[in-house]
Amino acid sequence: MELFARTLEALDWPFVTTELASHARTAAGRRTAENVALLDDSAAIADSFDAIDEVLALLDKRVGTPPLGGVEEISEALERAARGEVLELIDLRAARCTLGALGEVNRFMLRNQAAAPTLAGLAEPIDLDRKLCAVFDCALDERGELAERTYPVLGQLRERIASLERRVRSILEGLLDSLELADVLQDRYITIRDDRFVLPIKVHAKGLGLGIVHDVSRSGQTVFVEPLQLVPLGNDKRIAEAELRDEERRIRADLSALLGRHADALHAALAAATELDLACARADFAARLDASRPVVGRDAIVDLRIARHPVLALTQESVVPNDLSLTPTRPVLVLTGPNAGGKTVAMKTIGLCALLVRAGCFVPAGPGSRVDVFDEIFADIGDMQTVHEGLSSFSAHLTTLRSMLERAGPGVLLLLDEIAAGTDPAQGGALARAVIERLADVGARVVVTTHYGQIKAMSAQDSRVEVSALEYRGGKPTYRVVPGTAGESHALAAAARVGIDDVLVERARTLMDQGERALHEALASLEVEREAAREASARAGAAAAVLAAREREVAERESALAERERKIKGRARELEQQYAQGLIERLRSAEDEVRRAVTGLGASASREQAARARSAIDEARALATAARAPEPSPGPAPRVGDRVRLSGLGTIGEVVALRAGEVEVRAGAMTVRARPDEVQVITGTGGGEAKSRHSWPRGEQPGSRGSAGSTRGEPTASVAFDREAAASLETALRIPDNTLDLRGVRVEQGLAMLETFLDESLVRNRDVVFVLHGHGTGAMRSAIRRALAESHYVSESAPASEDQGGDAFSVARLRG
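Residues numbered from 1 in each chain as written. Predicted model: local features only at pLDDT ≥ 70, side-chain atom pairs only at ≥ 80, totals over all residues. Heavy atoms only, no water.

Draft legend 1. Representation of the packing of aromatic side chains within the structure. Following the criterion strictly, the structure yields one aromatic pair and no others. Seen from their ring centres, Phe49 and Phe362 are 5.3 Å apart, and the 75° between their planes marks the pair as edge-to-face. Note that Phe49 is positioned in helix α4 (residues 42-60) and Phe362 in the loop between α13 (343-358) and β8 (370-371), a separation of 313 residues in sequence. Pair check on accessibility: Phe49 and Phe362 agree, each one buried. When the ring centre of Phe224 is taken as reference, the NZ or CZ atom of Arg193 above it lies at 4.2 Å. Positioned over the ring face of Phe809 is Arg734, at 4.1 Å from the centre of the ring. (Phe/Tyr/Trp six-rings, centres within 6.5 Å; stacked < 30°, edge-to-face > 60°. Helix = DSSP H or I, 4+ residues; strand = E, 2+ residues; numbered from the N terminus. Buried < 20%, exposed > 50% of the residue type's maximum accessible area, 1.4 Å probe, protein only. Lys NZ or Arg CZ within 6 Å of the ring centre and 35° of its normal.)

Right, here's the structure in full:
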């Protein structure tokens, strides 16, 4: 037990348990956390972990945690009540508060029983007698006094005492104002001595028979006298107060007896509340540590991933995490490297995580970590020199080693800091190796730190030993564990770093044994090569991550484009159907008009009727021709080097490759693969033969005065309303690169910005551009649409479709 107690101190376990206790809500919970029991049953540990998970889940759902704040420490009062003692009012107040809090906890757990079955099981003993709770709920008022509404006699006695006090004060105030006592009063005030109301009288008047003297001032110049006329009233008041005390004691006795009869059930409920409090403290502690639930077994395996030292995790913002492991095939972990490089911290991390699991707590490591249950955990860390026992540091260390060898076996974790240090290195290294081999032979799990070369070389000769180094880079430690390699101690480098002069350091280097110097130089060279390999690996990993991110981005973009294409084609089919339906309806209307005209001619012909008939026939003939118009014939097949328009993207590019069923087009910095039917070869550059096509809503045609006050009607002669222009531009894709934002800009400034944007777009080979002018008063929108219609850069323009952003945008195709 002494060795285990020293182990807990060496691992800073009291600091950890104090932090755990700080998260408890009750006094009993804090006391239990500070002395938390170490569990040795895997099932009990799993139950503790389940409770932590349930508390964290309740917090995530914003349900809260069991309301334990009102549970007070009443165990000792319950024991006295069970022995038949009458409790004081302060004890009854604590009992009433605790009963109410336990009732709230019980109701909370009933509401959340399905979501937190383990917590509900812990709370099962909190099932209090309803009559007991009802009695205590009514026994005390909001001030914590015995309630007069429950005990009317108390009210009567208290009122009687108050009435007597009022009569006494009235008489005393009258005496203060009377001439009878004017010469003998020392001062004009009323006070109390021995529970009796008195007046301050000059000492020379105490023999005048004014009343009963109850006290004398310190100076001896004043006596405190109860006037004779008040004595009967004072006596009546004392009698009433005695009756009140007797009644209050009788009530307290009844309440104490009631508590005593339920003492066992209340003790069980308090114990359950303490277990709930400990579970909540463990959950808060896990959140504070950013800890996770480890896998727990019985095979003495430790597999910590990105583990952090618990104390450092609690006290520092940034802690270097490490992967640490002990397995049946590699039961020994040797940590090497420079002093103050983190060897002992890494070793303590394993020990503390093993203790945390035994305490039913999560560990500060990544998900998927494993820490099995160890029956015993012992550590030899620091100087255990004892002068009174006559033990040197090395002797004390050997004594501890002997105790560990005696206790070592399966399920035992041993932590040895600087094993066999403090003596001749050759003999110390040999002793350390022999101890490690014995501990591995008996099945213990062992973590050691060392500077001995013999121990660093063990992994090459004994497969049970894993040697790891604490990294030393750039002339200082990084505290990162590098598995599979031995670390240089860097004693001479450390001496130079703290300021010891270079000549002395160099002299020490020359005094090193040739073989030893070669070994140290080889280890240092290995560290340099390892660092170079690590940096190369990091660069390769970063490049791979960038490539993977770009591949994901391209895949997402292709998926988005495919979805966009599907929507555009669907919208195009809808427009074709709507246009065809409208054409049919107009054709039918024209046919009806022809019939009416023919009928009218047959009856009584006139020039006006003949003209109307001729007009109706011409319109019907034009509609019929439009309905029978053939589909546009496909253009020439694209070839490498052709300039083409991508129908899905609404942009122009150059064909760079032809593949099976696909055309590869480069448009600016983007390369796109499309089907041949999605690519249109540009056969000319426009010029005088190109016809501008513009589609604007009625009342917004360029050339009119805008939507406000303009003459609404058909498009003007200078700009024809072209339904086909609107349909062709609906397939264009709006992106930030081809969009000009004019929100918040004045009309004159917006027109200048538009001209610059069109110049730039032509130079950058944009096919389609968008202008965001917003809605507003309509002045900017009308001016922009007029400018687009009149621009020699623009071949066609229209309001944007709903998919492209709606009427707040205008879209235009530039001449090729």
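Draft legend 2. Geometry of the pattern of salt bridges. All told, the structure shown has 52 salt bridges when counted by the stated rule. A salt bridge links Asp284 to Arg25, with the shortest nitrogen-to-oxygen separation between them at 3.1 Å. Here Asp284, found in helix α11 (residues 263-289), pairs with Arg25, found in the loop between α2 (13-21) and α3 (27-34); they are 259 residues apart in sequence, far enough to count as distant. For Arg25, a relative accessible area of 28% translates into the label partly exposed. Here Arg305 and Asp303 are joined by a salt bridge, their closest N and O atoms 3.4 Å apart. For Asp303, a relative accessible area of 26% gives the class partly exposed. Each of Glu76, Arg80, Arg83, Glu85 and Asp91 takes part in a single network of salt bridges with overlapping partners. (Salt bridge = Lys/Arg side-chain N within 4 Å of Asp/Glu carboxyl O.)

Draft legend 3. Representation of the pairing of strand β13 (residues 476-483) in the model. One ladder, built from five bridges, connects strand β12 (residues 465-473) with β13; its direction is antiparallel. By the bridge assignment, Leu470 is partnered in β13 with Val481. Connecting the antiparallel pair β12 and β13 is a turn made up of two residues, with Gly474 showing a positive phi of about 65°. (Pairing = 2+ DSSP bridges.)

Draft legend 4. Region of interest: unusual backbone geometry. Here Asp194, not a glycine, exhibits a phi torsion of approximately 55°, which is positive. Relative to the elements of secondary structure, Asp194 occurs in the loop between β1 (191-193) and β2 (196-202). One non-glycine residue, Asn765, lies in positive phi territory at about 65°. Locating Asn765 in the fold gives a position in the loop between α22 (747-763) and β21 (768-772).

Draft legend 5. Spatial organisation of the sheet that holds β8. Strand order in this open sheet of three strands is β6-β5-β8, and the pairing throughout is antiparallel. In this open sheet, the two strands that pair with only one neighbour each are β6 (322-326) and β8. The pairing of strand β5 (residues 302-307) with β8 spans two bridges and is antiparallel. Each bridged residue has a counterpart across the sheet, and for Asp303 the counterpart in β8 is Arg370. Strands in contact with α13 are β5, β6 and β8; relative to β5, the strand with the most contacts, it is inclined by about 115°. (Contact = heavy atoms within 4.5 Å. Axes fitted to C-alpha atoms, helices over the stretch in contact; angles between N-to-C directions.)

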